[in-house]
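# What the coordinates show
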Amino acid sequence: MIVSARVSVCAVLVIAGWLSCAAPSLGHQFKCFATAEGATISGYAWFGGGGRPKGTEVRATSPDGTVLYEGKTNDKGEFAFEARVRCDHIIRVGGGEGHAAQFTVKAEELPESLPAAAGPPKAWPGPVEVSRADEAGGGASVAPGTGEALVKQVAALRAELEAFRSEQRFRDVVAGIGYILGLAGVAFFFLGGRRGGKGGA
Amino acid sequence: MHISDGVLSREVLVATGALAVGAVAWGLRGLDYDRVPRVGVLASVFFVASLIHVRMGPSSVHLILNGLLGLLLGRAVFPALAVALFLQAILLGFGGLTALGANIVMMGAPAVLSWAVCARPCRRAASQAGAFAWGAVAGGGAVLLSGLLMAALLHLSNAESYDKAAIAVLAAHLPVVVVEAGVTGAAAAFFRRVRPELLDAPLRPAAGEEA
C-alpha cells in the first residue's frame, strides 16, 4: 500500500481544497431563526461574526411560492408577524451585499385553528410588536396556552441541535484524518534521514 | 468499548499508562520509512471505524478493527492506536484522555497478539479459505481479547460496581466479534491474493524486499 509521496501530497491538497470550499467561513455567515408562539411568528437574524441586520427586508412564503408576509427587521434584527395559514412558512431575510438567510417555521408549530391553505392574503398582516420579556424585568408569568408552544419550540431546537451535532462530527472526522496525515508527514521527515538520503521527497 | 474518564481506579490508570508508553516506544522502533503510509492510512481507518455504529438493544456498539490493524502493522499498531485514540478522545469524545493508556493497551495488546499468532500462517496459507480463516481468527480473537481485557481492567478497578457492566458490554460485543472476524478474514484473503507481503510485515524490511 505504498503510495508515492507526490501522489499522496496531491491527493491531500485536492481533498483539502475541496473540503474548504464546502465549509463556510464564520465571518460571512448570515443566519436567521424563528419560532411560533400561538399564531405569532417571531424571529431574528444575525451575522456569524456578530451584529444584527437593521431594516433588512423579510419575506415569508409558503412552499408553493405564495408570499405570506413582507416586512423589515427592526433595529435589533428582529421581526414578527401573525400567521394566517397553517402551512410551512419559509422565511427569508435578505441581508445587504447579497447575503440571505433562510429559516422554515413548520406548519406543525402553528395552532390548528388556522385554515390549512389559502390564496394570497388581501393585505399583509401588520407587523406585530416584538415583546421582550426580559426588558419587562423577567418574564416570570407564562401566559396560558404557551406551555404547548414551548414544547414545540424545544422540539424544533432539539432537531436543529442534532443537525448541528452531526455537521460538527463530520468536521471533526475530517480534522482527525488531517492530523493523522500530518503526523505521517512528520514521521516521513524524521525517518527520511535514516535512509541515508535515498529517495528524497 | 472505549473506556471513559473517571471509570478506572488510579492504580490501574497509572499501570496501564506506563505500559502504553513502553508499548508505543517499542512500536515506534519498528516503524520504518516505507511503512509510514500504511500506518497513517490504517490509523485513519481505525479512527473512522468507530463511527460505524450498530444498534444492539439499548445501546449501540461500533467496529474496532484492531485485529486488522495488528495483522497489517505488527508492533507499529501501538503508535497508530495511540494517535487515533488520542484524536478520538479529543475530537469525537470517545474514551477519556486519562484512560488513553488503558485504551491503548486494551486494544493494542490483542492486536499484536493477533499478528504474532496469525500473520505468518495467514500469508503462508495454502488457499484463500485458509487465509480467510486465519484472518477471521485474528479479527474475532482480537475483539474478544480486548473485551476480556476491558473486563479485567474494570474488575481490577472496582469489582462490585463494574462486574455486571463488564459482562453486559462483553455480551453486547459478541456480534462485533462475528462481524469483525468476517471483515478481517475477507481483508486477509484479499491481501493474500493481491499483496501477500503486507501480511507478514517484518520489523524491518529485509534488503531487497519492499514492506
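Residues numbered from 1 in each chain as written. Chains lettered and ligands numbered in written order. Predicted model: local features only at pLDDT ≥ 70, side-chain atom pairs only at ≥ 80, totals over all residues. Heavy atoms only, no water.

### Let's talk about the confidence of the model for chain A
All names here are of chain A.
- Here chain A shows a mean pLDDT of 74. Residues at 70 or above account for 63%.
- When mean pLDDT is taken per element in chain A, strand β5 (residues 78–82) scores highest with 91 and helix α1 (residues 5–22) scores lowest with 61.
- Low pLDDT (under 50) marks residues 22–26, which in the prediction has 3 contacts with non-local residues, meaning those over four places away or in another chain.
- Below pLDDT 50 for its whole length, residues 132–142 participates in 5 contacts with residues either more than four positions away or in separate chains. (pLDDT = per-residue confidence, 0-100. Helix = DSSP H or I, 4+ residues; strand = E, 2+ residues; numbered from the N terminus. Contact = heavy atoms within 4.5 Å.)

### Notes on the sheet that holds strand β2 (residues 40–47) of chain A
All names here are of chain A.
- Taken together, 3 strands build an open sheet; the order of strands is β1-β2-β5 and the sheet is antiparallel. The sheet is open, and its two edges are formed by β1 (30–37) and β5, each paired on a single side. Mean inter-strand twist for the sheet, computed between neighbouring axes without regard to direction, equals 20 degrees. (Pairing = 2+ DSSP bridges. Axes fitted to C-alpha atoms, helices over the stretch in contact; angles between N-to-C directions.)

### Notes on the packing of helix α4 (residues 77–92) of chain B against helix α5 (residues 100–123) of chain B
Residue and element names in this part refer to chain B.
- For the pair α4 and α5, the least separation of the axes is 9 Å and the interaxial angle reads 140 degrees. Read as a crossing pair, α4 and α5 show a hand that is right-handed. Contacts from V77, F78, L81, A82, L85 and F86 in α4 reach L100, N103, I104, M107, G108, A109, A111 and V112 in α5.
- For the contact of α4 with α5, the per-class residue count stands at 12 nonpolar, 2 polar and no charged. (Left-handed = near helix turned anticlockwise from the far one by under 90°. Nonpolar A, V, L, I, M, F, W, Y, C, P; charged D, E, K, R; others polar.)

### Focus: helix α3 (residues 66–73) of chain B
Residue and element names in this part refer to chain B.
- Most of α3 sits out of view: 8 of its 8 residues are buried.
- Of the positions making up α3, those classed as buried are N66, G67, L68, L69, G70, L71, L72 and L73.
- As for α3, its buried residues are in contact with α2 (36–49), α4, α5 and α6 (128–194).
- Downstream of α3 by a residue or two, G74 has a phi angle that is positive, lying close to 65 degrees. (Buried < 20%, exposed > 50% of the residue type's maximum accessible area, 1.4 Å probe, protein only.)

### A look at the nonpolar core
- The biggest cluster of nonpolar side chains holds 72 residues, and the ones touching the most others in it are L8, F46, L73, V77 and I104 of chain B.
- Contributions of two or more residues to this core are made by α2 (146–192) of chain A together with α1 (10–29), α2, α3, α4, α5 and α6 of chain B.
- When residues in this core are grouped by element, the largest group, 15 residues, is from α6 of chain B.
- For L8 of chain B, the residues in contact, after removing those within four places along its chain, are I3, L13, A102, L153, L154 and S157 of chain B.
- By size, the runner-up hydrophobic cluster in this structure holds 24 residues, among which are F30, C32, F33 and F81 of chain A. (Core = buried A, V, L, I, M, F, W, Y, C linked by side-chain atoms within 4.5 Å.)

### Things to note about a nonpolar patch on the surface
All names here are of chain B.
- Where nonpolar side chains cluster on the molecular surface, the patch consists of L113, V117, W134, V137, L144, L145, L148 and L174 and spans about 670 Å² of accessible area.
- Going through the elements one at a time, α5 and α6 are the ones with two or more residues in the nonpolar patch.
- Residue contributions to the nonpolar patch peak at 6 residues, all from α6.
- With respect to the element layout, L113 can be found in helix α5.
- On the accessibility criterion, L113 (45% relative accessible area) is partly exposed. (Patch = residues over 30% accessible without salt bridge, like charges linked within 9 Å, V, L, I, M, F, W, Y side chains within 5 Å. Areas by Shrake-Rupley, 256 points an atom, 1.4 Å probe, with all protein chains shown as cover. Salt bridge = Lys/Arg side-chain N within 4 Å of Asp/Glu carboxyl O.)

### Thoughts on the interface of chain B and chain A
- Counting from both sides, the interface comprises 24 residues of chain B and, opposite them, 19 residues of chain A.
- Buried area between chain B and chain A, summed over both chains or domains, comes out near 2100 Å², and the portion from carbon and sulfur atoms is 74%.
- When the buried area of chain B at its contact with chain A is split by residue, Y33, V36 and L91 of chain B rank highest and sum to 30% of it.
- The tally of links from chain B across to chain A stands at 0 salt bridges. (Buried area = accessible area lost by both parts, 1.4 Å probe.)

### Focus: unusual backbone geometry
Residue and element names in this part refer to chain B.
- Phi at L65 is positive, roughly 65 degrees, even though this residue is not glycine.
- Relative to the elements of secondary structure, L65 occurs in the loop between β2 (59–62) and α3.
- For L65, a relative accessible area of 8% gives the class buried.

### Describing the sheet that holds strand β3 (residues 57–61) of chain A
Residues and elements named next belong to chain A.
- Overall, antiparallel pairing links the 4 strands, which are arranged β4-β3-β6-β7 in an open sheet. Each edge of the sheet is formed by a strand with only one pairing partner; in this case those strands are β4 (67–72) and β7 (100–105). Taken pair by pair, the neighbouring strands of this sheet meet at an average axis angle of 15 degrees, ignoring direction.

### So, the environment of F47 of chain B
- Its place among the elements puts F47 of chain B in helix α2.
- Note: C-alpha distance between F47 of chain B and L85 of chain B (38 residues apart in sequence) is 7.2 Å.
- With residues up to four places along the chain from it excluded, the contact list for F47 of chain B reads D172, V173, G176, I177 and I180 of chain A together with A84, L87, Q88, L91 and L92 of chain B.

### Some remarks on the state of the cysteines
Residue and element names in this part refer to chain B.
- One pass over the structure, following the stated rule, counts 0 disulfides over all chains.
- With no disulfide of its own, C118 lies 7.6 Å from the sulfur of C122, the closest cysteine sulfur.
- Among the residues examined, C118 registers a relative accessible area of 2% and is labelled buried. (Disulfide = S-S within 2.5 Å.)

### Some words on the packing of α3 of chain B against α5 of chain B
All names here are of chain B.
- Viewed as axis vectors pointing N to C, α3 and α5 meet at an angle of 55 degrees, and their least axial separation amounts to 7 Å. Overall, the two elements α3 and α5 adopt an arrangement that is oblique. Every pair of crossing elements has a handedness; the one defined by α3 and α5 is right-handed. In this structure, α3 contributes N66, G67, G70 and L71 to the contact, and α5 contributes M107, P110, A111, S114, W115, C118 and A119.
- Grouping the amino acids of the contact of α3 with α5 by side-chain chemistry returns 7 nonpolar, 4 polar and no charged. (Parallel < 35°, antiparallel > 145°, perpendicular 65-115°, else oblique.)

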